[in-house]
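Next come the chains, spelled out residue by residue.
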Amino acid sequence: MLRSQSEPRLKWEHYMQCDGSPDPAVPQEINTFMSLWQENKNEDIEFVIKKGNQVLNLIEKLNFLLLDTPPNELMEEVIVQYQESILELQSLLHQKYNEATEHLLKKASTFADSDSGNMDVVIKDKNITFCIWGNLKKNARYSTKVTLFQIKNGFDLPKTVATSDVAVRILHTHYDHISPLQRIPKQHLKMQALESKPELTVLYDMKEEKEEEQKSGEDSDLVIEKESDGRKVRKMPKVQHGHTISFKDSTKVDPGENEKLEEESDKKSENVSTISGEIIGENVVDLHQFTPVGGVYFIDALKLPPQAKQIRGWTMVELLDVGLETYPYPPESEETEDATYPHIGVTLRLLDSVIFFEEPMVARWDSAGKQWRTDGISDIKYKMKEKQISFEMDAFYTITLIQDAHLNMPYQSWELRPNGTDELLFTIVTAFAEVQMQIKDNQCMLSSVIMDGSEQLSHLTGKWTSPIDLTVALKKAGVNIFPSDYSYKYVCVNKKTLLAEVTSYQQMALVASAFAFSWSKWNLASGQDQVVFKVSEHLKTDAIKDEDWSLYMFNGQRAQRLKISETSEAFSEDLAENTEFHSTLYHLLKDFASEGAIEKVKKASCLLIDAIYQLLIATRVLTYS
């Protein structure tokens, strides 16, 4: 598989950079990098932010290797190694932000505002927004309600806090290092040719039957949880062999047998979900259904350390070797356990680089339960046009904004069209937006995201990248058009057999350099065993006329051109006149294609075909439309 070369390619790119950064795939290099940085103390916040960007780049490379490498080619020990490195880098980075905050607070008086006399520091970077306020004067007039005008964030403190030696930090990381690490896909779809007969293999990283479970002992454990910095690493067992479902080539496809096999596949998927997932309690955010968007806001109350004083020409400061101390609120006392305390008001400015299609939920991180919760947050007010949200908290929390991960599913329509050159345009229309992506060679590019007639996410458009990186970037920006293993539970899915769906994506990718494909309403009426889509030969740059489209039906083993059109009154499987059945879509299209189209298909780059297939299998347009 082409993507199996990801690690060697990244190693070569890393070697050519020659910038002194470690290779994240080599444990010795990454451990040395972390140890050396951990030894450095008293670093400025500006230096930590700059170094933090390097750490984020290392984490991004490790995530890319985990996502881009086919699951059946990832060894168990490699997965654990990469995930442990990611967690250690995340933990070290947050530790360094805390150390830099402590170093900054020790000289808070040097950052005193001329009007209020209190400390007010705001630093903006592409990956974080760091703002800290220090209560140097302890004047309730200036300390009760604080607005940081540079970033339009603010907070409203209770008087007991506003008159104390306290500092409030809002550390907004534009990324999420709090939620559990994304699991490596447990189900891998792979088409294999065996003796010229198509075979669909479904590999599950799960335990075999109970008899095997007892024999294999400790090695058969499905999940080993390791906690580090409040997050979980799920260690998957080494797969001895996978469950295999084979659809042998034959003149007829038995619908009953296909349905039985699909039900068996679904039961195993449910089993995986039940084993790996936890029962979702009240006020707990289900991260299969919802997703954090816009990063994480660490809202902390910190004890203000003793400040330097000028005495007879000497600068004197009391040094306390206690590290960065949090200010407890509400106060921790048995006498005040049942007492009520005023809430903390918070106003946050949402990121311009993120799209919120609906008013998001506000959730807080529960470090004890290792989960996002919605309790403890009240009086939420939205100003979506101003991209501002305000709410009240009963304590200082780490906050994120939660959005339904499936708002843009199912899709309303889609189209994959060559533009007359060596590029293709892939368009997906959802209930909220129209997303256009270009594909060229082994790369793709976000062309536009149009919402309410205006283009969004200008910072992402026009940049060529890999399909994996594009999917990660769009998800991070709040545009999720990539179903997960659990999406079928929350979306009305047009269910199709894996054989029909996966083979169709492969066949479409093979000929997409000369043929356009599009959504058809008859795909809903064709049953689970067959997919229906529109096809048109397209060698020019102009738009495709409605009369140029033809309907094709494919079940993974037999392709046919349909007699009906998109405007017909009823669905029919009747063959179009002067056509016949073929075993593949390619051979069927050869009956009607021009010599130029066939020649273009033959000359298509394998890198382009693979990139097209990656986007098709990632969006699953045949089942989620």
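Before going into details, it helps to say that this report is about the structure given with it.

Analysis parameters
Residues numbered from 1 in each chain as written. Predicted model: local features only at pLDDT ≥ 70, side-chain atom pairs only at ≥ 80, totals over all residues. Heavy atoms only, no water. Helix = DSSP H or I, 4+ residues; strand = E, 2+ residues; numbered from the N terminus. Buried < 20%, exposed > 50% of the residue type's maximum accessible area, 1.4 Å probe, protein only. Lys, Arg positive; Asp, Glu negative; His and termini not counted. Salt bridge = Lys/Arg side-chain N within 4 Å of Asp/Glu carboxyl O. Polar contact = N/O pair within 3.5 Å; in protein donor to acceptor, adjacent residues only side chain to side chain. Phe/Tyr/Trp six-rings, centres within 6.5 Å; stacked < 30°, edge-to-face > 60°. Lys NZ or Arg CZ within 6 Å of the ring centre and 35° of its normal. Contact = heavy atoms within 4.5 Å. 1 Å grid on protein atoms, 1.4 Å probe; cavity = no way out; pocket = protein on both sides within 12 Å on 5 of 7 lines; lining within 4 Å. Points joined across faces, edges and corners; volume = space filled by probe spheres on them. Nonpolar A, V, L, I, M, F, W, Y, C, P; charged D, E, K, R; others polar.

## A closer look at the side chain of D286
Part 1: Within the secondary structure, D286 is located in the loop between α8 (255-276) and β10 (290-303).
Part 2: No salt bridge is formed by the buried D286. Its closest oppositely charged neighbour is K489, at 7.5 Å.
Part 3: Polar side-chain contacts of D286 include one of 3.0 Å to the backbone nitrogen of H288.
Part 4: At 2.8 Å, the side chain of D286 and the side chain of Y490 are in polar contact.

## So, the packing of aromatic side chains
Part 1: In the structure shown here, the tally under the stated rule is seven aromatic pairs.
Part 2: When the ring of W522 is compared with that of F571, the centres are 6.1 Å apart and the planes differ by 40°; the resulting orientation is tilted. Of the two residues, W522 sits in the loop between β25 (515-518) and β26 (531-537) while F571 sits in the loop between β28 (559-561) and α11 (585-590), which places them 49 residues apart along the sequence.
Part 3: Among the residues examined, F571 registers a relative accessible area of 23% and is labelled partly exposed.
Part 4: Its guanidinium or amino end placed over the ring of F581, R558 lies 4.5 Å from that ring's centre, counting from NZ or CZ.

## Remarks on the environment of Q38
Part 1: Tracing the sequence through the fold places Q38 in helix α2 (residues 27-39).
Part 2: Measuring from C-alpha to C-alpha, the distance between Q38 and L92 comes to 7.5 Å, with 54 residues separating the pair along the chain.
Part 3: Contacts of Q38, omitting those with residues within four sequence positions, involve L92, Q95 and K96.

## Considerations on the layout of surface pockets
Part 1: Looking at the second largest pocket, its volume works out to about 720 Å³.
Part 2: F298, D300, W365, S367 and T398 are the residues nearest the centre of the second largest pocket, which is lined by 31 residues in total.
Part 3: Elements that contribute at least two residues to the lining of the second largest pocket include exactly α4 (76-105), β5 (166-173), β10 and β14 (361-366).
Part 4: Here the lining of the second largest pocket takes five residues from α4, the largest share from any one element.
Part 5: Grouping the amino acids of the lining of the second largest pocket by side-chain chemistry returns 15 nonpolar, nine polar and seven charged.

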